[in-house]
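Analysis of the macromolecular model
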Amino acid sequence: MMARGSSPKALIEQRLILEAKRLLAHTGLTVEAIATEVGFSEPTNFVKFFRRHGGMRPLDFRAKFPGARSG
């Protein structure tokens, strides 16, 4: 089971990053819209969270997917 050994907080963070990456790769939503979609009231907090847990800035991640529409 994937959850074994992970804290609830870590599982939530993993799920938020997964959803943010999905939205960045497959939609043209702005970073601000994605931040709101995954539950952040401030886009700057989302960007910090994404960098810490995703290893790069959201727009750098999106650049890896040429088919994604920037918005």
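Residues numbered from 1 in each chain as written. Predicted model: local features only at pLDDT ≥ 70, side-chain atom pairs only at ≥ 80, totals over all residues. Heavy atoms only, no water.

1. Some thoughts on the packing of helix α1 (residues 8-26) against helix α3 (residues 43-54)
In contact at an axis separation of 10 Å, α1 and α3 are set at 105 degrees when each is read in the N-to-C sense. On the basis of their axis angle, the class for α1 and α3 is roughly perpendicular. The segment α1 lies against α3, with Glu-13, Leu-16, Ile-17, Ala-20, Lys-21 and Leu-24 engaging Phe-46, Phe-49, Phe-50, His-53 and Gly-54. (Axes fitted to C-alpha atoms, helices over the stretch in contact; angles between N-to-C directions. Helix = DSSP H or I, 4+ residues; strand = E, 2+ residues; numbered from the N terminus. Parallel < 35°, antiparallel > 145°, perpendicular 65-115°, else oblique. Contact = heavy atoms within 4.5 Å.)

2. Describing the pattern of salt bridges
One pass over the structure, following the stated rule, counts 4 salt bridges. A salt bridge links Glu-13 to Lys-9, with the shortest nitrogen-to-oxygen separation between them at 3.6 Å. Here Lys-9 and Glu-13 lie together in helix α1, a separation of 4 residues that amounts to about one turn. Judged by its relative accessible area of 57%, Lys-9 is exposed. Between Arg-15 and Glu-19 there is a salt bridge; the shortest N-O distance is 3.5 Å. Taken as a pair, Arg-15 and Glu-19 lie in helix α1 at a separation of 4 residues, close to a single helical turn. Arg-15 sits in the partly exposed class, given a relative accessible area of 47%. A single salt-bridge network, built from bridges that share partners, covers Arg-15, Glu-19 and Arg-22. (Salt bridge = Lys/Arg side-chain N within 4 Å of Asp/Glu carboxyl O. Buried < 20%, exposed > 50% of the residue type's maximum accessible area, 1.4 Å probe, protein only.)

3. Observations regarding the environment of Thr-36
On the secondary structure map, Thr-36 appears in helix α2 (residues 31-37). Separated by 10 residues in sequence, Thr-36 and Phe-46 place their C-alpha atoms 8.7 Å apart.

4. Describing the confidence of the model for the protein
When pLDDT is averaged across the protein, the result is 91; 90% of the residues are at 70 or more. Averaged over each element, pLDDT in the protein is lowest for α1 (95) and highest for α2 (98). (pLDDT = per-residue confidence, 0-100.)

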